[in-house]
Amino acid sequence: MSTYGEDGAKRPVRGVLVKVLLHHRTERGMSLEPHASRCVRRGEVHELVTTDHRETAPGACIDRVGFLGFAELACAGVIDRGDELWIGGSRLGTVLGFDACHFPNHYNILISADRLVTGGDLELRPEMPVAFTPVPGPAS
């Protein structure tokens, strides 16, 4: 099912958790990419990271992070800033942006959350479903 976002309809990007991470950092030094969206391919693996930072300016330093884990994507698509992240049926926050310090191996997908949480805090498990869904908007 498609919904409407900033640039029109798109499908959710779905996948599964393949590795759970348990740590957090307060001086990580990630750098926010200038791009508000990234195209992703089926089969890619990307890291999911929570943060309580709110700054979206290109190059913003993201220090406070909680690591959720790595997800393998089951379909290609576009992940946009503001998309919701769902794991195992629970909404964890919205996409703040991307850090590419490990690219082309993987992106760190930064998730804006009320508090830093890790995969251990949330009792995440491998094979849990992951979805990036657009925030519903007006139909045309």
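Procedures and definitions
Residues numbered from 1 in each chain as written. Predicted model: local features only at pLDDT ≥ 70, side-chain atom pairs only at ≥ 80, totals over all residues. Heavy atoms only, no water. Helix = DSSP H or I, 4+ residues; strand = E, 2+ residues; numbered from the N terminus. Rg over C-alpha atoms; globule rule 2.2 N^0.38 Å. Contact = heavy atoms within 4.5 Å. Areas by Shrake-Rupley, 256 points an atom, 1.4 Å probe, with all protein chains shown as cover. Core = buried A, V, L, I, M, F, W, Y, C linked by side-chain atoms within 4.5 Å. Buried < 20%, exposed > 50% of the residue type's maximum accessible area, 1.4 Å probe, protein only. Salt bridge = Lys/Arg side-chain N within 4 Å of Asp/Glu carboxyl O. Disulfide = S-S within 2.5 Å. Pairing = 2+ DSSP bridges.

Caption draft 1: The overall build of the chain, seen in detail. Secondary structure summary: the chain contains 0 helices and 14 strands in total. Its C-alpha radius of gyration of 14 Å places the chain within 12% of the 14 Å reference for a compact globule of 140 residues. The C-alpha extent of the chain, read off along each of the three principal axes, is 45 × 35 × 30 Å. Pairs at least 24 residues apart make up 76% of the contacts formed inside the chain by residues separated by at least 6 positions. Counting every atom, the chain has about 7300 Å² of accessible surface; 50% of that belongs to carbon and sulfur.

Caption draft 2: Broad picture of the nonpolar core. By size, the foremost hydrophobic cluster in this structure holds 22 residues, and its most contacted members are Leu48, Leu85, Ile87, Ile109 and Phe132. Among the secondary structure elements, those contributing two or more residues to this core are β3 (13-20), β9 (65-73), β11 (84-87), β12 (90-99), β13 (108-112) and β14 (129-133). Sequence-distant contacts of Leu85, defined by excluding residues within four places in its chain, comprise Leu48, Leu68, Ser90, Arg91, Leu92, Gly93, Ile111, Val130, Ala131 and Phe132. Counting 11 residues, the second largest nonpolar core, distinct from the first, contains Leu21, Ile62, Val65 and Phe70.

Caption draft 3: Looking closely at the pattern of salt bridges. Within this structure, the stated rule accounts for 4 salt bridges. Taking the shortest distance from any N to any O, the salt bridge between Glu84 and Arg91 comes out at 3.0 Å. When its relative accessible area of 43% is taken as the criterion, Arg91 is described as partly exposed. Among the charged side chains, a salt-bridge network with shared partners connects Lys10, Asp80 and Asp83.

Caption draft 4: The state of the cysteines, seen in detail. Tallied over the entire structure, the rule returns 0 disulfides. Free of any disulfide, Cys61 has its nearest cysteine sulfur in Cys101, 11 Å distant. For Cys61, a relative accessible area of 44% translates into the label partly exposed. Residue classification places Cys101 among the partly exposed residues on the basis of a relative accessible area of 44%.

Caption draft 5: The arrangement of the environment of Phe67 in detail. Within the element layout of this structure, Phe67 appears in strand β9. In sequence terms Phe67 and Leu21 are 46 residues apart; their C-alpha atoms lie 5.5 Å from each other.

Caption draft 6: Looking closely at the side chain of Thr118. Within the secondary structure, Thr118 is located in the loop between β13 and β14. Owing to a relative accessible area of 3%, Thr118 belongs among the buried residues under this scheme. Aside from chain neighbours lying at most four places away, what touches Thr118 is Leu21, Leu22, His23, His24, Gly66, Phe67 and Leu68.

Caption draft 7: The pairing of β14, seen in detail. The buried count for β14 comes to 4 of 5 residues, which makes it a mostly enclosed element. Pairing of β11 with β14, which is carried by 4 bridges, proceeds in the antiparallel orientation. Within the sheet, the bridge partner assigned to Ile87 lies in β14 and is Val130.

Shape is all these values report; function is a separate question.
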